[in-house]
Amino acid sequence: MLTNAPRGTKDIYGSYMNTWKKLEDTVNEICTNFGFNEIRTPIFEHTELFQRGVGETTDIVQKEMYSFTDKGDRNITLKPEGTAGVVRAYLERKMYADAQPTKLFYITPAFRYERPQAGRYRQFHQFGVELFGSDKPSADAEVIALAANMLKNLGITNVELHINSLGGPECRKKYNNTLKEFLSKNIDSLCPTCMERYEKNPLRILDCKNEKCQAVLKDAPLAKDELDTECKEHFEELLRLLDAMEIQYVVDPWIVRGLDYYTRTVFEFISKDIGAQGTVCGGGRYDKLIEECGGSPTPAVGFGAGIERLIMTMEAINGSNEDKPTRDIYLGYVGENAKKTTFALVNELRNNNISVETDLMSRSVKAQMKYANKIGARYSAIIGDNELEENSVRIKNMETREQIDLNIEEIAKYMKENK
Ligand code: HAM
């Protein structure tokens, strides 16, 4: 127990961490280029926020939340996704008073009590963006372009963008009724979960992978056929913008998404490289959520991408990222006098932004040089009594094997010039 991490969690280190950092750097750069600012919200929020924000009828709220009562008797939940917390912050911090739209991004842990499998964890991480204040298809296009750009920059090319429109609240109501009427004829053939969904959230039945449900759904009516003129025009304009940016997509009427808050556009980027849990990124428009959370009516659109799934895809394509961060110099020593001088010099180099390691294991000179090699130091030097006496240290370039003798006072300057 003590040496087993909880089921569905992962330690992030080594080559995995190298890929993770590369991903974070790419995300930061792209979001800055698109004019999105970073936000970090708490890992836990009041449970009610997710009940309202994610939706009472979703699997997340019904079965998957890590909820507890704190010592002050408050109902608290570890965030199962990134959007609700950002919506809360947008309202609480009155960001709507700034120039609109508000464009935010985040990288956050998220927690869902799901059955763990490849690509599905109980603690996972999401990179997400949220754009508040525009109901125009250009906002949807901007968010989708950001996701496409990110995937391309991460080298993830074997993905398909699936896109659909669920229509606004009126279209959805109409479609729910049409769908229920259709399903009512075959209700006994549905799986038990879908029988429950029939009353509360029939749309989610479209997402069911059960063969019996799939057979019933073959001839089901589709949301796209119930769109009113405005919603249809919104969707068509979005597709025109994607065409203009040469972003490829498949219009997929079966994409409904697992969360309740979506209106109009929904989309998923699906990877073909990582098996069943292939959705690396999912999102859409949610024009009613901010009102639902107590704000004035404010349109919004965004997406969330699973970082572990992105890394799985990157590793499936490129293998794991074994590149080690290198050190500028390994500075070893022999003897007590040299030790003090070396520690002082190491400190000086670090203050000059040079990465340096020294001996913390009382190793022999030979073992110190072996270690210098292992950590990928670009230069190395060993200071002993002779070097102190003559004030001359031999600095070795580990790659070219060239050597240069320097006074101790000259080493920092030399390293800065050769960084
Ligand atoms: P979601 O589809 O529930 O949407 O999650 C977004 C992404 O998080 C998924 O596409 C997947 O890559 C990843 N993900 C979800 N659950 C797990 C899990 N258990 N293990 C590993 N990865 C997972 C949302 O969360 C919305 N907040 C997205 C959004 C933002 N819509 C509008 N704005």
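What you see is a predicted model; the values in this text were computed from it and never measured.

1. A word on empty space enclosed by the protein
Scanning all chains against the criterion turns up one cavity of 30 Å³ or more. Of the voids in this model, the largest cavity is the one considered here, and its volume is about 60 Å³. Considering the residues around the largest cavity, the lining is formed by Leu166, Arg172, Asn201, Leu203, Arg204, Val256, Arg257, Leu259, Asp260 and Tyr262. Split by residue class, the lining of the largest cavity holds five nonpolar, one polar and four charged.

2. Observations regarding the packing of aromatic side chains
The description of two aromatic rings rests on the distance between their centres and on the angle between their planes. In this structure the tally under the stated criterion is eleven aromatic pairs. With a centroid separation of 5.4 Å and 50° between ring planes, the pair formed by tyrosine 261 and tyrosine 286 is classed as tilted. Linking tyrosine 261 in the loop between β8 (250-251) and β9 (265-271) with tyrosine 286 in the loop between β10 (279-285) and α10 (289-292), this pair joins segments that are 25 residues apart in sequence. With respect to class, tyrosine 261 is no different from tyrosine 286; both count as buried. One residue, lysine 10, lies across the ring of tyrosine 16, its end atom 4.4 Å from the ring centre. Over the ring of tyrosine 113 we find arginine 122, and its NZ or CZ is 4.0 Å from the ring centre.

3. Some points on the packing of helix α5 (residues 137-153) against helix α9 (residues 229-244)
Interhelical geometry of α5 versus α9 gives an angle of 40° and a closest axis separation of 9 Å. One way to sum up the angle between α5 and α9 is to call them oblique. When you trace α5 past α9, the crossing you get is right-handed. For the pair α5 and α9, contact is made by Pro137, Ser138, Asp140, Ala141 and Ile144 and by His234, Glu237, Leu238, Leu241 and Leu242, respectively. Residues belonging to the contact of α5 with α9 are distributed by class as follows: six nonpolar, two polar and two charged.

4. Looking at the domain arrangement of the protein chain
Interface size is commonly expressed as the accessible area that is lost once the parts come together. When its domains are assigned, the protein chain resolves into domain 1 (14-168 + 228-318) and domain 2 (327-417). Between the C-alpha centres of domain 1 and domain 2 the distance comes to 48 Å.

5. Some points on the nonpolar core
By size, the foremost hydrophobic cluster in this structure holds 45 residues, and its most contacted members are Phe132 and Leu183. Taken together, the elements giving at least two residues each to this core come down to α2 (47-54), α3 (59-64), α4 (83-92), β5 (102-111), α6 (169-184), α7 (192-200), α8 (211-217) and α10. The element that contributes the greatest number of residues to this core is α4, accounting for six residues. What phenylalanine 132 contacts, discounting residues up to four positions off in sequence, is Val86, Val87, Tyr90, Gln100, Pro101, Thr102, Leu104, Tyr286, Ile290, Pro299 and Ala300. Grouped together as the second largest cluster of nonpolar side chains are 43 residues, Ile144, Ala145, Leu239 and Phe267 included.

Conventions we followed
- Residues numbered from 1 in each chain as written.
- Predicted model: local features only at pLDDT ≥ 70, side-chain atom pairs only at ≥ 80, totals over all residues.
- Heavy atoms only, no water.
- 1 Å grid on protein atoms, 1.4 Å probe; cavity = no way out; pocket = protein on both sides within 12 Å on 5 of 7 lines; lining within 4 Å.
- Points joined across faces, edges and corners; volume = space filled by probe spheres on them.
- Nonpolar A, V, L, I, M, F, W, Y, C, P; charged D, E, K, R; others polar.
- Phe/Tyr/Trp six-rings, centres within 6.5 Å; stacked < 30°, edge-to-face > 60°.
- Helix = DSSP H or I, 4+ residues; strand = E, 2+ residues; numbered from the N terminus.
- Buried < 20%, exposed > 50% of the residue type's maximum accessible area, 1.4 Å probe, protein only.
- Lys NZ or Arg CZ within 6 Å of the ring centre and 35° of its normal.
- Axes fitted to C-alpha atoms, helices over the stretch in contact; angles between N-to-C directions.
- Parallel < 35°, antiparallel > 145°, perpendicular 65-115°, else oblique.
- Left-handed = near helix turned anticlockwise from the far one by under 90°.
- Contact = heavy atoms within 4.5 Å.
- Domains from an automatic or database assignment.
- Core = buried A, V, L, I, M, F, W, Y, C linked by side-chain atoms within 4.5 Å.

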